[in-house]
Every structure is written in C-alpha cells, then in structure tokens.
Amino acid sequence: MRRLLSVIVALALTTGMTAQNPVAEIPFDAADILKLPDGVYLGEAAGVATNSHGHLFVFTRTGPAHAAVGASRTFYKGGSRLFEFDATGRFVKEIGQGIYGFNFAQAVRVDPQDNIWAVDQGSTQVIKFDPQGGVLMVFSRKPESIPVAAVTLGRGTGPAGGGAAATPPAAGRTGGAAAQAGAGIPGDSFTRTADVAWDRAGNIYVADGAGDGTGNARVAKFDRDGRFIRTWGSRGSGPGQFSALRGIAVDGSGNVYVADSGNKRIQVFDGDGNVKAQIGGIGTPSAICMTNGSHRYLYSSNSNDPETMDNGEIYKLELDGRIVGKFGRAGKSLKEFGTVNAIDCRVENQLFVGELLNWRVQKLTLHPGR
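These notes cover the structure that comes with them. As the structure is a prediction and not an experimental result, all values here were calculated from the model.

The pairing of strand β10 (residues 125-129) with strand β11 (residues 135-139) spans 4 bridges and is antiparallel. Note on β11: the bridge partner recorded for Phe129 is Val135. Remark: 5 residues form the turn of the hairpin made by β10 and β11, two consecutive strands paired antiparallel; Gly133 in that turn has positive phi of roughly 105 degrees.

Structure follows, in structure tokens:
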C-alpha cells in the first residue's frame, strides 16, 4: 500500500510540474544539409542518429518494396534503406542494402561504441551493425507472412508488421496466471518494434509495440549479449500500461523513459520496470531523445496524427518533467515539422530531426540564451 501511494504521489507531482503556461519559445535556426547521390531519394525519414565522429545515419522508408498476395496473406520484403552521411551532409554509403530485415523503417540509434542499431517495425526486428556495417546481432524473427487484414495505414503507409508468426500466443504466463493483453512473452518475440536504448552497463531496452490495437505493448530488457532479463507492461491507460509506444531513452541513473503516445504521456521506470513518474502536458509524445553530459535534458516531439496539422512543436524538458521551452510548429517550410519521428541530440543544442510527412532531415541549432 505504501508503495502504491508513493507511485500515485510521484505521478501527481510530475504531471503538475509540466502544466506550465505560457511555455517559453526557444529561438533556433534550421538547415537541410543532406546531399544524396543522383537518382537516390529520401522517403519518410523514420530514424536519425549520429556517431562519435559526427556522421549521420538516416533510416528511411523508401526503396524497392515488393509485396505478393497469396490467398489471405501478403508476403512482403524491401521498403527501407539505411544511409550514412558525413558531418557536412555528404553521402558516404548505404548500410544493409537488400537485407532481409528491412521492411518498414521505424528508428535508428548509435550506441556508445558506435554500433548502429536499426529498428524495423515491419519485420518486427532490431538489428545491430558494427561501425562498418557488418551484422552483429538480430532480435526477433520476421513474420513469414502478414495477414491482409493487418496491413494498415499508420505513420505513413506500410505493413503493420504483425501477422500470425509475430502475434504473441497465450504465453507470457507467470505462475499459471494468464498474461494481460499486450504483455507479450518472455524473450524477443516482438510486434511492431518502436525503439531501442541502453543503460551504462550495456543492458538493452526495446520498446515493443508501436500499434495501439493488437500485438505487444511492453518494454523488454536484455543484457549486453542479448540474453533476456525481463519484460514489463501491457495494453491500457493505467500506470505501467501502454498505448502505442513510440520512443525510449535511458538516463545516467538507469531510469527508463518511454513515449506512451496513445496515452499522451512519457512514463518513467527504474531498470526493473517499476513505475516512478509520468510526464504529461506536452501533447502527443512520439520521438524522444536524451542528451549526454552531467546535466541531461529530454527532447520530445508533439507529433500528432497525419490528419492533424495543429501543433507539431518539440519540447525541451528537465528530467523531472519541467518544461524548459519549446520550438517549431507543423508545416512544410524549414523550421516547421511534418510528423517528427526521430530526434538526435548528441549535442545538446544541435539536433537532427527526421520527418515522415516532409521526407527530410533538418539540422537545428538552438539559441536558448538569445
């Protein structure tokens, strides 16, 4: 009972601290710096990340997608490409061209060792590449087929990534009790994977369940070698439940921040999945990013559904949920955003933002003291 009360108090305090009005506008500049080779085009920029050398990686929904319909099932391959650019935006190379697990790009992250992690919502897989682009580790198994009824319009067009092979069975039981909807099964049987992050020990956290209807709605934790540790979460709106996970980040103390988009909040957990707090009052959190350094900040995009062009701003937050300020709005021009799905914030006041609707990556320079 004491633990429950402490959780409720933490939730109330954190939510209250985000209810600020008015929110300060942070001045910023924007540039479109990517230089693609002739005949190569950027589609929906679903993932953006930088490495320690300033190179930029873009996971985009583009390329030669192929779908063959047989009876009631669709067999799908292709549709995502992973590009590397140098710090000036010059094209360097493509990584994983034609790879089996690239279907419907969702996110890309770079870990402290400069390994590249591609998260694909369509194949339900998370793929770890070394800095040169060699495959090091693969999580989950791509569905052999996708039921036609499961192919939906989500953030952009593409497969839901579910299918019979990826839908959790009535497993995930503990002590004989039936698992809650969306709790998944122990291990890396993912559905519509959303994002990946790490703590200082190298433990891997996967936000599993970008959909808000069926499939998983949980966080799965693995050790640095990919061995399963634990899972938490289910579908719903209560503390520790999720509706459409979009992003995940881990702070220096090992706290896990999850963009719970369907519930319009960011939930905060310890590394064992215990609820610590929630952050609200920032629209519909989608892409989130944690800065480095001794004083860390959290960036979160208010990425509404494609049918709604209101808002669209990005918030800068203290880790306790207090809003430092916001910048940008929905639109087509530079300094405006079209459904932000990715933020890289390796440098606190220099961001790279990937957009789905505008098919681009913007480099933003913030001027908080101006």
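And the narrative resumes.
By the secondary structure assignment, Pro22 is in the loop between α1 (2-18) and β1 (28-31). In this structure, the C-alpha to C-alpha distance between Pro22 and Gly325, residues 303 residues apart in sequence, is 9.5 Å.

Applying the stated criterion to the full structure yields 1 disulfide. The disulfide partner of Cys289 is Cys345, and the gap between their sulfur atoms is 2.1 Å. The chirality of the disulfide connecting Cys289 with Cys345 is left-handed, given an S-S dihedral of about -100 degrees. A residue pair is termed long-range when its members are at least 10 positions apart, and Cys289 in strand β23 (residues 285-290) and Cys345 in strand β29 (residues 340-347) qualify at 56 residues. As far as burial versus exposure is concerned, Cys289 and Cys345 are alike and both buried.

Moving on: the nonpolar core. Counting 16 residues, the largest nonpolar core has Val219, Phe242, Ile248, Val256 and Val258 as its most contacted members. Ranked by residue count, the leading element in this core is strand β19 (residues 245-250), at 3 residues. Not counting residues within four places of it along the chain, the set of residues in contact with Ile248 comprises Arg109, Asp195, Val196, Ala197, Tyr205, Val206, Ala207, Val219, Val256, Tyr257, Val258 and Ile288.

Another aspect to go through is unusual backbone geometry. You will see that Lys335, though not glycine, has its phi angle at about 75 degrees, which is positive. On the secondary structure map, Lys335 appears in the loop between β27 (329-330) and β28 (336-337). On the basis of relative accessible area, Lys335 is assigned to the partly exposed category, the value being 37%. In this model, Trp359 sits at a positive phi of 50 degrees, which is unusual for a non-glycine residue. Here Trp359 is to be found in the loop between β30 (350-355) and β31 (360-366). A relative accessible area of 55% places Trp359 in the exposed class.

Our focus in this paragraph is the sheet that holds β30. Spatially, the 4 strands line up as an open sheet ordered β1-β31-β30-β29, and their pairing is antiparallel. Two strands in the sheet have a free side with no partner beyond their single neighbour: β1 and β29. In this sheet, adjacent strand axes meet at a mean angle of 25 degrees when their direction is disregarded. With 4 bridges joining them, β1 and β31 adopt antiparallel strand pairing. The partner of Ala31 across the bridge, within β31, is Lys363.

Note on aromatic pairs: each is described by the distance of the centres and the angle between the planes. Taken as a whole, this structure holds 16 aromatic pairs when the rule is applied. The interplanar angle of 75 degrees and the centroid separation of 6.1 Å between the aromatic rings of Phe190 and Phe222 together place this pair among those described as edge-to-face. Residue Phe190 is found in the loop between β14 (156-157) and β15 (193-198), and its partner Phe222 is found in strand β17 (residues 218-222); the two are separated by 32 residues along the sequence. In this structure, Phe190 and Phe222 share a single accessibility class: buried. Both rings, one in Phe242 and one in Phe269, keep their centres 5.8 Å apart while their planes meet at 55 degrees; by these two values the pair is tilted.

The rules behind the values
Residues numbered from 1 in each chain as written. Predicted model: local features only at pLDDT ≥ 70, side-chain atom pairs only at ≥ 80, totals over all residues. Heavy atoms only, no water. Pairing = 2+ DSSP bridges. Helix = DSSP H or I, 4+ residues; strand = E, 2+ residues; numbered from the N terminus. Disulfide = S-S within 2.5 Å. Buried < 20%, exposed > 50% of the residue type's maximum accessible area, 1.4 Å probe, protein only. Core = buried A, V, L, I, M, F, W, Y, C linked by side-chain atoms within 4.5 Å. Contact = heavy atoms within 4.5 Å. Axes fitted to C-alpha atoms, helices over the stretch in contact; angles between N-to-C directions. Phe/Tyr/Trp six-rings, centres within 6.5 Å; stacked < 30°, edge-to-face > 60°.

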